[in-house]
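# Structure assessment
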Amino acid sequence: MSKHLEIERQAAAWLARKDGDHWSAADQTQLDQWLALATAHRVAYLRLAAAWSTTGMLAPAAAGPDAAPEQPDTAPAQPQRPSLPRFSQWRIAAAILVTVGAAAGWFAMRAAPSEVRYETRLGAHQTYALQDGSKLTLNTATRLRARVSRSARTVWLDQGEAYFDIAHDAAHPFVVVSGTSRITVLGTRFTVRREAGGTEVVVVDGRVQVENGPMPGRSAVILVKHQRVLATPDTMRRSDESDAAIDQQLSWREGKLVFDQVTLDAAAGEFNRYNKKKLVLADAAAAGLKIGGRFDVDNIQAFARLLQRGFGLDVRETDDTITIASRRPPTQRRAGMDHPRGD
């Protein structure tokens, strides 16, 4: 129980005790001493006394040490209904529970941070500052929810990828939930990418812990600087990454895609994350071609022209797709289609 709630409970107990049938001068002395210990004691006591008096739960004698004496009633006596005992045990218990419960709810509402949603459109990236001093950078088509204050720090990555630069706070770990994975940190920089098959975590600096929900019998994976893990429902695959590999994976923050001898299939998949027009590979020979270079994430046409001119691939463009093939189909050669549309 917090300090505030404990004071509320004690004040309620004093009020209930004073409203009983056996209140003595010694009891009043003890109450006066408790009230003098701290201003918070007196404030809580007077506030609860006023609230109980208003609701009729408290007898006039319990209105507080400074309450005005009750004035004699000069009006003619009126018939009254039989009253309950001055303050029965069930009324004491109910008053304390209601009061402390209300106070607990009030403090919980104050302490609980509200949920904030962040979202980026296709092809965009955006940086946000959080209340605790941490920063988030969301990649293309990313959705994220956050409940972050100085006392509670949790975000949920619902879709996409985000880079986290977390303010250090040893008393309040920062938690990222991505599907079945739970990433816990104190203060560090890392990326989390959520896909249909699982969650990828790459640590740029610091140390993080990654747990996977469907694997209760297995230990959590601890990652340090330049380590990566791919968490799927069945496995946790960890690997060490070079400086160049880390820079490559973070190039999207500058609006770039960097490839170092990756397959054209993998490169096309990256381009398709950022563009409405999609790259389609027509055959396995084209898909397995190894390429490298640095490209703007949104210049998919320039990438396609490079494939045509530098690698001799066939490029066919429509409104929605750019299809890449290792050789031009015979029907197109006979039709004399020497250049792809849009080149």
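Residues numbered from 1 in each chain as written. Predicted model: local features only at pLDDT ≥ 70, side-chain atom pairs only at ≥ 80, totals over all residues. Heavy atoms only, no water.

### Digging into the nonpolar core
For the record, the criterion: Throughout, nonpolar core names a set of buried Ala, Val, Leu, Ile, Met, Phe, Trp, Tyr and Cys residues whose side chains join them through atoms within 4.5 Å. Here the term buried applies to any residue with accessible area under 20% of the maximum for its type, exposed to any over 50%, and partly exposed to those in between, with areas from a 1.4 Å probe on protein chains only. Put simply, DSSP H or I for four residues or longer makes a helix, DSSP E for two residues or longer makes a strand, and each gets a number counted from the N terminus. Residue contacts are counted whenever heavy atoms from the two residues lie within 4.5 Å of one another.
Residues L144, F164, F174, I183, F190, V201 and V208 are the most contacted members of the largest nonpolar core, which totals 27 residues. With four residues, strand 5 (residues 153-165) is the single largest residue contributor to this core. When sequence neighbours within four positions are dropped, the list of residues in contact with V208 reads I183, T184, V185, T188, F190, V201, V203, V221, I222 and L223. Counting 26 residues, the second largest nonpolar core, distinct from the first, contains L257, F271, F295 and V297.

### Focus: the pattern of salt bridges
Using the following cut-off: The term salt bridge refers to a pairing of a side-chain nitrogen on Lys or Arg with a carboxyl oxygen on Asp or Glu at a separation within 4 Å.
Taken as a whole and judged by the stated rule, the model has 17 salt bridges. Two residues, E270 and R193, come together in a salt bridge whose shortest N-O distance is 2.9 Å. In this pair, E270 sits in helix 6 (residues 264-274) while R193 sits in strand 8 (residues 189-195), placing the two residues 77 residues apart along the sequence. The buried category is assigned to E270, whose relative accessible area is 19%.

### Quick word on the side chain of T140
Within the fold, T140 resides in the loop between strand 3 (135-138) and strand 4 (143-148). In contact with T140, not counting residues within four places along its chain, are T120, R121, L122, G123, A124, R273 and Y274.

### So, the layout of surface pockets
Here is the rule: With a 1 Å grid spanning the protein atoms alone, the term cavity applies to any set of points in which a 1.4 Å probe fits but cannot get out, the term pocket to an open set with protein on both sides within 12 Å along at least five of seven lines, and the term lining residue to any residue with an atom within 4 Å of a point. Grid points are joined across faces, edges and corners, and a volume is the space filled by probe spheres set on the points. Classification convention: Asp, Glu, Lys, Arg as charged; Ala, Val, Leu, Ile, Met, Phe, Trp, Tyr, Cys, Pro as nonpolar; all other residues, Gly among them, as polar.
By volume, the largest pocket amounts to about 350 Å³. Taken together, 20 residues make up the lining of the largest pocket; nearest its centre are R193, Q248, Q249, V258 and E270. Only helix 5 (243-249), strand 14 (256-263) and helix 6 provide two or more residues apiece to the lining of the largest pocket. Split by residue class, the lining of the largest pocket holds nine nonpolar, three polar and eight charged.

### A look at the sheet that holds strand 18 (residues 321-325)
Which entries qualify depends on this criterion: In this scheme, strands are said to pair when DSSP sees at least two bridges between them. Only the stretch in contact is used when a helix axis is fitted, and all axes are lines through C-alpha atoms; the angle between N-to-C directions ranges over 0 to 180 degrees.
An order of 15-18-17 is seen for the three strands of this open sheet, with the pairing classed as mixed. With partners counted over all chains shown, the strands left at the sheet margins are strand 15 (278-281) and strand 17 (314-317), one partner each. Neighbour to neighbour, the strand axes of the sheet diverge by 20° on average, direction disregarded. Here strand 17 runs beside strand 18; their pairing, made up of four bridges, is antiparallel. Within strand 18, the residue paired with R316 across the bridge is T323.

### Description of the packing of aromatic side chains
As a reminder of what qualifies: When the centres of two rings from Phe, Tyr and Trp lie within 6.5 Å, Trp using its six-membered ring, the rings pair. Their planes under 30 degrees apart give stacked, over 60 give edge-to-face, and anything left gives tilted.
Evaluation of the coordinates by the stated rule reveals eleven aromatic pairs. Each member of the aromatic cluster is reached from another via a ring pair, and the members are F259, F271, F295 and F303.

### A look at the pairing of strand 4
Both strand 1 (residues 116-119) and strand 4 contribute to a ladder of four bridges, which runs antiparallel. Note that in strand 4 the partner of Y118 across the bridge is L144. Both strand 4 and strand 5 contribute to a ladder of six bridges, which runs antiparallel. Each residue of the ladder has a partner; that of R147, found in strand 5, is T154.

### A closer look at the environment of F271
If you trace the backbone, F271 turns up in helix 6. For F271, a relative accessible area of 0% gives the class buried. Taking the C-alpha atoms as reference points, F271 and V297, separated by 26 residues in sequence, lie 6.3 Å from one another. Apart from the residues within four sequence positions on either side, F271 is in contact with L257, F259, L279, F295, D296, V297, N299, I300 and F303.

### A few points about the packing of helix 6 against helix 8 (residues 300-311)
Stated precisely, the cut-off is as follows: The labels follow the angle: roughly parallel below 35 degrees, roughly antiparallel above 145, roughly perpendicular from 65 to 115, and oblique for the rest. Crossing handedness is defined as follows: a turn of the near helix away from the far one that is anticlockwise and smaller than a right angle gives a left-handed crossing, while the clockwise case is right-handed.
For the pair helix 6 and helix 8, the least separation of the axes is 11 Å and the interaxial angle reads 160°. If you check the angle between helix 6 and helix 8, you find them roughly antiparallel. Note that helix 6 runs across helix 8; the crossing there is left-handed. Every residue of helix 8 that contacts helix 6 at L264, A267, F271 and N272 is listed here: I300, F303 and L307.

### Quick look at the environment of L48
Note on placement: L48 falls in helix 3 (residues 39-55). Through-space distance from the C-alpha of L48 to that of E8 is 8.2 Å; in sequence the pair is 40 residues apart.

### Overview of the pairing of strand 18
Across the five residues of strand 18, four count as buried, placing the element largely inside the fold. Relative to strand 18, strand 15 runs parallel, the two being bridged by four bridges. Residue pairing for strand 18: L279 is matched across the bridge by I322. If you look at the hairpin formed by strand 17 and strand 18, you'll find three residues sitting between the two strands.

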